Amino acid sequence: MPHYDLVIVGTGSGNSILDPRFKGWKTAIVEKGVFGGTCLNVGCIPTKMFVHTADVAATPSASSRLGVDEELLNVRWRDVRDRIFGRIDPIAAGGREYRLSHEDNANVTVYEGEGRFTGHKELTVTLPGGTETLTADKFVLAAGGRPVIPDIEGLAETGYHTSDTIMRLDELPSKLVIVGGGYIAAEFAHVFTSFSVDVTVVVRSGALLRSEDEDISTRFTELAGHRFDLRLNRKPVRAKRTGAGIALELADGEVVEGDQLLIATGRTPNSDVLDVAATGVSTSDSGHVVVDDYQETSVEGIYALGDLSSPYELKHVANHEARVVQHNLLHPDARIEADHRFVPHAVFSSPQVAGVGLTEQEARKRGLNYVTSTQDYAGIAYGWAMEDTTGFAKLLADPETGQLLGAHIIGPQASTVIQPLIQAMSFGLDAHSMARGQYWIHPAMPELVENALLNLRPAASPPPPSTETLRAAR
C-alpha cells in the first residue's frame, strides 16, 4: 500500500496546485477521465468557443435594422466542432503527458482510474489491471461534478445527450429538444438556434434563469420566447425513440419531437462517487463536500475545492480555491481564508447575463434596507449605435452608505461590462465615489454602469441628470 505526502483527486483546478515548491513532496494524482477537468473539456472553454461562433452566425438575423442586409449561407458544423476541439484536445493530452513524463514530475505518480475511499485517508483506485490502495498524509479532493439526469420514463432506452457529449455530435440536428431552464440550457439554446436548428426548450418552472434577479429572469424569458419554442411550466414524463428521432411526452399530454435530446437540468458533485463518507468527510444536503474557510474538510489534512465542494460551480471560484489550498498546504502555520464575498457569474447566451452580489428577492428575504436603480442600454450612446432596446443594468445599494449590494446586467457584453462593479464591491468603493471619482470613456458601453450608479438615490431624492443630459447642456 503506497503512502504519499499528498494525493490530489482530479486534474481540473486541482492539477494547478503542484509547482516547483512541491518538488520534495511524494505526490500522487488520480484522474478517472480526461486531464483538464470540466472547464477545459466539456465546460466553459469549448462552450464559449461555440457561443462566439453562434454570435457570428446570428449577426445576419439582426443586421437589417442597422441598414445592412446579410444572409447566413451555411454552418459547417464539423469544421466548427473540429476547430474547437482541435485546440482543446491537444491541451488535455499535453497536460497528461507533462505529468506522466516531464522531469518536473519525478516525484509525481499518476493513477488513471476511478478513486473511491475505502477507509480513513485510504483511497482505492480502480485501474485497468486491478485496484491499488493509496494512503496519504494530505488529500486534495477536486473531483468535480457530473450532469443531473432526471427521472423520466424511457429516457435511458431512448438515449440522450448532456453538456458532456452534445458538442461532439457528428451532424448538426435539424430539431433539438432541450430539457432545463438554467444557464446550460440557455447557452446551448442560443448556440443551436443561431445555427438554424429548430430548438424547443422544456422548462418545469415558469421562467428561465430563475436564480437571477427577478427582473433579469423575466426579461430573458420574454426574449427567449421570441427566439425558440419555449414550453414553460411543463413536466417531461416519458421519452421514446421514433423513426424520425425522439419524442418527449409532457404531463399535460403534449408531445415535442426532435432529432436529438439534450438534458440540461443541472450538475451534481461527485462526492458519492468518491464515497467521501468512508474517510469521515461530511457533505451537505446538496451533496457538496463541506469545507471551512481554509477549504479544509471535517477531516484534518483533507482539503476540497471546486465543483465538488462549491455550490457556485464556477471555474474562477475553483481557481481561487486552488490557490488558497496551495498556500495552506505549503504554509500550515500561516493559513489564509478563501474569499467568497462577491462571486460574479455570467451566462453566455443571447443576450448575455451577468451578476454579482444580492438579487432583489434575496435582499427582500433578508429584510435589508436598500435602493435600486436601472439603466437601459437604449439610454447610452453606444446602445443607440447597437439599436439595443431590451438590455439594462440593475443595481442594489445601501441607501445610508452607498455601498453596492448587488449588480445585474442583461445585454451585450454583460460579462465584461459588469467588471467595474465587481471591483467596487470587492474594494468597498461606494456608488457616488465610483461614479464621480473617475473618467468614463464616452461613448463606450461602461457608461451603462456610470448612469446606473448616478441613478442610485434614496426614494425621496430627485434623479440626478444623466450623462447624456449633462453633455447636451454643455
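Okay, so let's go over this structure.

1. Considerations on the packing of aromatic side chains
At step 1: The final tally for this structure, using the stated rule, is eight aromatic pairs.
At step 2: With 6.2 Å between their ring centres and 70 degrees between their planes, Trp 77 and Phe 195 make a pair best called edge-to-face. Here Trp 77 is found in helix 3 (residues 77-101), whereas its partner Phe 195 is found in the loop between helix 5 (183-194) and strand 9 (198-202), with 118 residues between them in sequence.
At step 3: For the cation-ring pair, Arg 168 lies above Phe 85, with the distance from its terminal atom to the ring centre recorded as 3.7 Å.
At step 4: A cation over a ring is seen here: Arg 335 above Tyr 294, with NZ or CZ 4.0 Å from the ring centre.

2. Details of the side chain of His 161
At step 1: Tracing the chain through its elements places His 161 in the loop between helix 4 (155-158) and strand 8 (175-179).
At step 2: Ignoring anything within four residues of it in the chain, the contact list for His 161 reads Ile 166, Leu 169, Gln 260, Leu 261, Leu 262 and Ile 263.

3. Side note on the nonpolar core
A general feature of soluble globular proteins is that nonpolar side chains tend to end up buried together.
At step 1: In this structure, Phe 50, Ile 178, Phe 192, Phe 195, Val 199 and Val 201 are the most contacted members of the largest nonpolar core, which totals 43 residues.
At step 2: Those elements that provide at least two residues to this core are helix 2 (44-63), helix 3, strand 8, helix 5, strand 9 and helix 6 (214-227).
At step 3: Those residues in contact with Phe 50 that sit more than four places away from it in its chain are Trp 77, Val 80, Arg 81, Ile 84, Phe 85, Met 167, Val 191 and Phe 195.
At step 4: One finds Val 371, Leu 404, Ile 422 and Leu 453 within the second-largest nonpolar core, a separate group that totals 29 residues.

4. A word on the packing of helix 2 against helix 3
At step 1: Helix 3 packs onto helix 2 with a crossing angle of 145 degrees between their chain directions and a minimal axis gap of 10 Å. Here helix 2 runs over helix 3; the crossing is right-handed. Along its contact with helix 2, which presents Ile 45, Pro 46, Met 49, Phe 50 and Thr 53, the element helix 3 presents Trp 77, Val 80, Arg 81, Arg 83, Ile 84, Phe 85, Arg 87 and Ile 88.
At step 2: In terms of residue class, the contact of helix 2 with helix 3 is made up of nine nonpolar, one polar and three charged.

5. Section: the sheet that holds strand 8
At step 1: Ordered in space as 10-9-8-14, the four strands form an open sheet in which the pairing is parallel. Strands with a single pairing partner mark the edges of an open sheet, and in this sheet they are strand 10 (229-231) and strand 14 (260-263). Each adjacent strand pair in this sheet contributes to an overall mean axis angle of 15 degrees, direction not counted.
At step 2: Bridge count between strand 9 and strand 10: three bridges; the pairing is parallel. From the neighbouring strand, Val 202 faces strand 10, where its bridge partner is Arg 231.

6. Looking at the packing of helix 2 against helix 5
Each pair of packed helices can be described by the angle between their axes along with the distance between the axes.
At step 1: With their axes 8 Å apart at the nearest point, helix 2 and helix 5 run at an angle of 45 degrees to one another. For the element pair helix 2 / helix 5, the angle class is oblique. As helix 2 runs across helix 5, the sense of the crossing is left-handed. Between helix 2 and helix 5, the contacting residues are Thr 47, Lys 48, Phe 50, Val 51, Ala 54, Asp 55, Ala 57 and Ala 58 on the first element and Glu 187, Phe 188, His 190, Val 191 and Ser 194 on the second.
At step 2: Grouping the constituent residues of the contact of helix 2 with helix 5 by class yields seven nonpolar, three polar and three charged.

7. Some points on the state of the cysteines
At step 1: Summed over the entire model, instances satisfying the criterion amount to one disulfide.
At step 2: Disulfide partner of Cys 39: Cys 44, at an S-S distance of 2.0 Å. What sets the handedness of the Cys 39 and Cys 44 disulfide is the S-S torsion sign, and at about -135 degrees it is left-handed.

8. A word on the pairing of strand 4 (residues 114-119)
At step 1: As paired strands, strand 4 and strand 5 (residues 122-127) are joined by five bridges and run antiparallel to one another. The residue bridging Gly 115 from the neighbouring strand is Val 125, located in strand 5.
At step 2: Hairpin connection of strand 4 to strand 5: two residues between the antiparallel strands, including Lys 121 at a positive phi of 50 degrees.

9. What to know about helix 2
At step 1: End to end, helix 2 covers 28 Å across 20 residues, agreeing with the expected 28 Å (1.5 Å per residue, within 8%).
At step 2: Residue Ala 57 marks the point of greatest curvature in helix 2, where the axis turns by about 30 degrees; the proline Pro 60 follows within four residues.
At step 3: Where helix 2 is concerned, the buried positions are Pro 46, Thr 47, Met 49, Phe 50, Val 51, Thr 53, Ala 54, Ala 57, Ala 58, Pro 60 and Ser 63.
At step 4: In this fold, the buried residues of helix 2 make contact with helix 1 (37-41), helix 3 and helix 5.

10. So, helix 3
At step 1: Here helix 3 is 25 residues long and its end C-alpha atoms lie 36 Å apart, about the 36 Å a rise of 1.5 Å per residue gives.
At step 2: Of all the bends in helix 3, the greatest, near 30 degrees, is centred on Phe 85.
At step 3: Buried within helix 3 are the following residues: Trp 77, Val 80, Arg 81, Ile 84, Phe 85, Ile 88, Ala 92 and Arg 99.
At step 4: Buried positions along helix 3 lie against strand 2 (27-31), helix 1, helix 2, strand 3 (108-112) and helix 5.

About the cut-offs
Residues numbered from 1 in each chain as written. Predicted model: local features only at pLDDT ≥ 70, side-chain atom pairs only at ≥ 80, totals over all residues. Heavy atoms only, no water. Phe/Tyr/Trp six-rings, centres within 6.5 Å; stacked < 30°, edge-to-face > 60°. Helix = DSSP H or I, 4+ residues; strand = E, 2+ residues; numbered from the N terminus. Lys NZ or Arg CZ within 6 Å of the ring centre and 35° of its normal. Contact = heavy atoms within 4.5 Å. Core = buried A, V, L, I, M, F, W, Y, C linked by side-chain atoms within 4.5 Å. Buried < 20%, exposed > 50% of the residue type's maximum accessible area, 1.4 Å probe, protein only. Axes fitted to C-alpha atoms, helices over the stretch in contact; angles between N-to-C directions. Left-handed = near helix turned anticlockwise from the far one by under 90°. Nonpolar A, V, L, I, M, F, W, Y, C, P; charged D, E, K, R; others polar. Pairing = 2+ DSSP bridges. Parallel < 35°, antiparallel > 145°, perpendicular 65-115°, else oblique. Disulfide = S-S within 2.5 Å. Expected span 1.5 Å × (residues − 1). Bend = angle between axes of the 7 residues up to and from the residue.

Read these as spatial facts, not as claims about activity.
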